[in-house]
Amino acid sequence: MDKLVVEMDPDVKAVCDFMGSNIDPGKLVVVARAVADLAPVMWQHFPNVGFYDPPLSVRRITDYSMGNPFQSPLQQAAT
C-alpha cells in the first residue's frame, strides 16, 4: 500500500489554506498560476530571503508489510 507524504513550508501552507477556503475550487489552479506569474512584479521590492529547504516536497512511501510479499524489492528469507 502506498502512502503520500507531503511536507510544506508553513508560509506556503498558510497561503494554500487561505486559497482553499476562499477561492472556488474550479479556479484554484488558474489563480495559483496567476499569482505565481505576478509575484515577481508585485513583490520584487521586498528582500528575498529564500528557503533553506524546498518549500514543498512530496514523497511516496510503499509499505510492503501488509501486501503481497512477492511485490517486495527484497527477497524473502527461506523458511
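None of these values were measured; they are calculated from a predicted model.

### Digging into the overall build of the chain
Scanning the chain from N- to C-terminus turns up two helices and two strands. Ordered by position from N to C terminus, the α and β elements of the chain give β-α-α-β. Each of the 79 residues in the chain was classed as buried or not, and the buried ones make up 6%. In the chain, of all internal contacts separated by at least 6 residues, the share reaching a separation of at least 24 is 72%. Surface summary for the chain: the accessible area is close to 7300 Å², and the carbon and sulfur share equals 62%.

### As for the pattern of salt bridges
Under the definition given, this model contains two salt bridges. Taking the shortest distance from any N to any O, the salt bridge between Arg59 and Glu7 comes out at 3.0 Å. Of the two residues, Arg59 is situated in strand β2 (residues 56-62) and Glu7 in strand β1 (residues 2-8); the sequence distance between them amounts to 52 residues. Overall, the relative accessible area of 40% leaves Arg59 in the partly exposed class. Residues Asp17 and Lys13 are paired through a salt bridge, measuring 2.8 Å at the closest nitrogen-oxygen approach. Taken as a pair, Asp17 and Lys13 lie in helix α1 (residues 10-22) at a separation of four residues, close to a single helical turn. The class of Asp17 is partly exposed, set by a relative accessible area of 40%.

### Things to note about helix α2 (residues 28-43)
For an α-helix, 3.6 residues make a turn, and residues three or four places apart therefore share a direction. Its 16 residues give α2 an end-to-end C-alpha distance of 21 Å, which sits within 8% of 22 Å, the value for a rise of 1.5 Å per residue. The sharpest bend along α2 measures roughly 35° and falls at Asp37, with the proline Pro40 sitting one to four residues further on.

### A few points about a nonpolar patch on the surface
Together, Val35, Leu38, Val41, Met42, Trp43 and Phe46 line one region of the surface with nonpolar side chains, adding up to about 590 Å² of accessible area. With respect to the helices, strands and loops of the structure, Val41 is situated in helix α2.

### Thoughts on the environment of Pro55
Looking at where Pro55 falls in the secondary structure, it is placed in the loop between α2 and β2. Linking Pro55 and Asp11, residues 44 residues apart in sequence, is a C-alpha distance of 8.7 Å. In contact with Pro55, other than residues within four places in its own chain, are Glu7, Met8, Asp9 and Val12.

Calculation notes
Residues numbered from 1 in each chain as written. Predicted model: local features only at pLDDT ≥ 70, side-chain atom pairs only at ≥ 80, totals over all residues. Heavy atoms only, no water. Helix = DSSP H or I, 4+ residues; strand = E, 2+ residues; numbered from the N terminus. Buried < 20%, exposed > 50% of the residue type's maximum accessible area, 1.4 Å probe, protein only. Contact = heavy atoms within 4.5 Å. Areas by Shrake-Rupley, 256 points an atom, 1.4 Å probe, with all protein chains shown as cover. Salt bridge = Lys/Arg side-chain N within 4 Å of Asp/Glu carboxyl O. Expected span 1.5 Å × (residues − 1). Bend = angle between axes of the 7 residues up to and from the residue. Patch = residues over 30% accessible without salt bridge, like charges linked within 9 Å, V, L, I, M, F, W, Y side chains within 5 Å.

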